[in-house]
Amino acid sequence: RVDISDIENKYWAPKDTDFSVVQNRTYSKEKRLAFTAQYGPIINEMFSEGNNTALGLNYFLNERMGVQLDYVISDLNDTDLVGAVIQAGGKPDYGRVTGYYGVGFNYVPFYAKMSFWGKKIIYFDMAFTPHLGATTYEQVIEGGNKEKTALTYGIDISQFFFFSRWLAL
């Protein structure tokens, strides 16, 4: 004869703090590096057009937290609007970003699985990353351009889709 009253009391407890859902992650990040590369056009910029190239390096302390280093180079030129203003005899004053470097803290509260076309399970994380860094820019003014640096802060919201141990988008 086995006494299961302890198990019954625990099972029927109104608030159970000793148990949680446990599921192994398919692609672990703990104590690992992640390298990211990005390239694309700038958007919503009236005076400059062009592309940014970015490199990032993350080190995850555990599955939920990590540290991120970022470096961005901007290859920007004047838009047609600037050309038209200059052609009309004017010279607009504006700032053109040339780069960024900074550090961030990754917080990953969401890990999930989803079905892809009912054929494959895709694993994904959603991360929030407050960051602090420096933006370098060229101050374009009538008397001559000047290089400047400004403190930059913000928050990134990222979602990573894992396709293999070595590839995520």
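The structure displayed is predicted, hence computed values, not measured ones. (Residues numbered from 1 in each chain as written. Predicted model: local features only at pLDDT ≥ 70, side-chain atom pairs only at ≥ 80, totals over all residues. Heavy atoms only, no water.)

## Some remarks on the pairing of strand β1 (residues 32-41)
Within β1, only one of the 10 residues are buried, leaving the element largely exposed. Bridge analysis of β1 against strand β2 (residues 48-60) gives 10 bridges, and the strand direction is antiparallel. Each bridged residue has a counterpart across the sheet, and for A34 the counterpart in β2 is N58. Two successive antiparallel strands, β1 and β2, enclose a turn made up of six residues, where N44 displays a positive phi of approximately 60°. (Buried < 20%, exposed > 50% of the residue type's maximum accessible area, 1.4 Å probe, protein only. Helix = DSSP H or I, 4+ residues; strand = E, 2+ residues; numbered from the N terminus. Pairing = 2+ DSSP bridges.)

## Considerations on the confidence of the model for the chain
Summarising the model, the chain shows a mean pLDDT of 87, and 91% of its residues fall at 70 or more. The element-level mean pLDDT for the chain is lowest in helix α1 (residues 5-11), coming to 72, with strand β3 (residues 65-78) highest at 96. (pLDDT = per-residue confidence, 0-100.)

## Some words on the pattern of salt bridges
Tallying each qualifying case throughout the model produces four salt bridges. With its nearest N and O atoms 2.6 Å apart, the salt bridge here joins D125 to K29. Residue D125 is located in strand β5 (residues 120-140), and its partner K29 is located in the loop between α1 and β1; the two are separated by 96 residues in the primary sequence. What makes D125 buried here is its relative accessible area of 1%. A network of salt bridges, in which partner residues are shared, links K29, E63 and D125. (Salt bridge = Lys/Arg side-chain N within 4 Å of Asp/Glu carboxyl O.)

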